[in-house]
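# Architecture at a glance
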Amino acid sequence: MTKDQTGRLIGGAFGLVFIQANAGSLPTAVATPLRLLALACFVWVAVFGRRGRTAPQAETTSGTRFGRRYWYVAAAEVAGLAAGLLVIAQVLHTPQASVGWIAFVVGVHFFGLAVAWRRPTLHVLGASIAACGAAGLVLAGFDAPIAVIRTVAGVLPGVLLLASVLRPGRTTPAAAASEFRSATPS
């Protein structure tokens, strides 16, 4: 399994967790099919995600790298999660805001990954998930129903994560640049 495939599997797993953990606040008629669909998507990624058309050299020249820069991003994410959840629980006493904070921090961490992995498209994913988290925080601040908060800040980010790993992407910046150059008019 390549590092890119491992990254997709991790993203799919977190998307699945987001949906499984937050769909329970929805009516059963909605939550059950949503959870089953999320599970099916993750299984698809796990089984068929290994059949990529990546060149062996692509992994060494660019792509997903789990080196020092990745671990710095992951450590900052864990620290941000812990500090924010502590403040939410102990200072603000608004546990319904937790899911919004988690989504916000996960979204922001994609900005670091975009730089570390030289994948600018991760900025879009990060901004989308962070926006869902920020909206969840605002909703929690206005005492919105927990089902609304969990849908906006939990289910939607899970869908975004799963969708991002289901869609096959380019494995190298050179491939992206080549596609961009071929699409621009002369």
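Scroll up for the structure.
Residues numbered from 1 in each chain as written. Predicted model: local features only at pLDDT ≥ 70, side-chain atom pairs only at ≥ 80, totals over all residues. Heavy atoms only, no water.

## Structural notes on the overall build of the protein chain
Heads up, the rule is: Strands are runs of DSSP state E lasting at least two residues, helices are runs of H or I lasting at least four, and both sets are numbered from the N terminus onward.
The number of helices and strands found in the protein chain is 8 helices and 0 strands. Its helices and strands in sequence order give the protein chain the pattern α-α-α-α-α-α-α-α, from N to C terminus.

## Some details on the nonpolar core
Generally speaking, nonpolar side chains in soluble globular proteins are found buried as a group. For the record, the criterion: Joining through side-chain atoms within 4.5 Å is the link that ties buried Ala, Val, Leu, Ile, Met, Phe, Trp, Tyr and Cys residues into a set, and such a set is a nonpolar core. Buried, partly exposed and exposed residues are distinguished by accessible area as a fraction of the type maximum, computed with a 1.4 Å probe on protein chains only: under 20%, between the cut-offs, and over 50%, respectively.
Core analysis: the largest hydrophobic core is formed by 15 residues, its most contacted members being Phe110, Leu113, Trp117, Leu122, Leu125, Ile129 and Leu161. Sorting the residues of this core by element identifies α4 (68-92), α5 (98-116) and α6 (121-141) as the ones contributing at least two each. Here this core takes 6 residues from α5, the largest share from any one element. In this structure, Ile19, Ala31, Ala38 and Cys41 belong to the second largest nonpolar core, which totals 10 residues.

## Examining the side chain of Arg119
Convention followed: Polar contact is the term for a pair of N or O atoms within 3.5 Å; when the atoms are in protein, one must be able to donate a hydrogen and the other to accept it, and sequence-neighboring residues count only if both atoms are side-chain atoms.
Structurally, Arg119 can be placed in the loop between α5 and α6. Here the side chain of Arg119 touches Asp4 through a polar contact of 2.8 Å, side chain to side chain.

## Section: helix α2 (residues 28-48)
Cut-off, in case you're wondering: What a helix should span is 1.5 Å times the count of its residues minus one. As used here, the arc belongs to the directions running from the helix axis to the C-beta atoms. The contact rule is simple, with two residues in contact once any of their heavy atoms fall within 4.5 Å.
With 21 residues, α2 ought to run about 30 Å at 1.5 Å a step, and its terminal C-alpha atoms sit 29 Å apart, in line with that. Buried residues of α2: Ala31, Ala38, Cys41, Phe42 and Val45, and no others. Buried residues of α2, viewed axially, fall in a sector of 95 degrees; they line one side. Facing away from the buried side of α2, by more than 90 degrees, are the exposed residues Thr28, Ala29, Leu36 and Leu37. Buried residues belonging to α2 abut α1 (3-22) and α7 (146-166).

## Considerations on α4
Between the first and last C-alpha of α4 there are 34 Å, a value that for 25 residues agrees with the 36 Å anticipated at 1.5 Å per step. Those residues of α4 lying buried are Tyr70, Val73, Ala74, Glu77, Leu81, Gly84 and Ile88. The secondary structure elements touched by the buried residues of α4 are α5. Trailing α4 by a residue or two, His93 shows a phi angle of about 55 degrees, which is positive.

## Details of the packing of aromatic side chains
This is how the line gets drawn: Pairing of aromatic rings covers Phe, Tyr and the six-membered ring of Trp, with a centre-to-centre limit of 6.5 Å; geometry is then stacked below 30 degrees between planes, edge-to-face above 60, and tilted otherwise.
Taken as a whole, this structure holds 6 aromatic pairs when the rule is applied. When the centroid spacing of 4.8 Å and the interplanar angle of 80 degrees are considered together, the rings of Phe66 and Tyr70 count as edge-to-face. Take Phe66: its relative accessible area is 23%, and that puts it in the partly exposed class. Overall, the relative accessible area of 15% leaves Tyr70 in the buried class. A ring pair is formed by Tyr70 and Trp71, whose centres lie 4.8 Å apart and whose planes are at 80 degrees; its orientation type is edge-to-face. Take Trp71: its relative accessible area is 52%, and that puts it in the exposed class. Grouping aromatic residues by their ring pairs yields a cluster made of Phe66, Tyr70, Trp71 and Trp117.

## Some thoughts on the pattern of salt bridges
Put simply, the rule reads: Definition used for salt bridges: Asp or Glu carboxyl oxygen within 4 Å of a side-chain nitrogen of Lys or Arg.
A complete count under the given rule lists 2 salt bridges for this structure. Of the charged contacts in the structure, one is a salt bridge between Asp4 and Arg8, with a shortest N-O distance of 3.5 Å. Residue Asp4 and its partner Arg8 are both found in helix α1; the two are separated by 4 residues, about one turn of the helix. Accessibility expressed as a relative area gives 11% for Asp4, which makes it buried.

## Topic: unusual backbone geometry
A positive phi angle is found at His93, which is not glycine, with a value near 55 degrees. As for its position among the elements, His93 is in the loop between α4 and α5. A relative accessible area of 57% means that His93 is categorised as exposed. Phi is positive for Asp143, close to 55 degrees, though the residue is something other than glycine.

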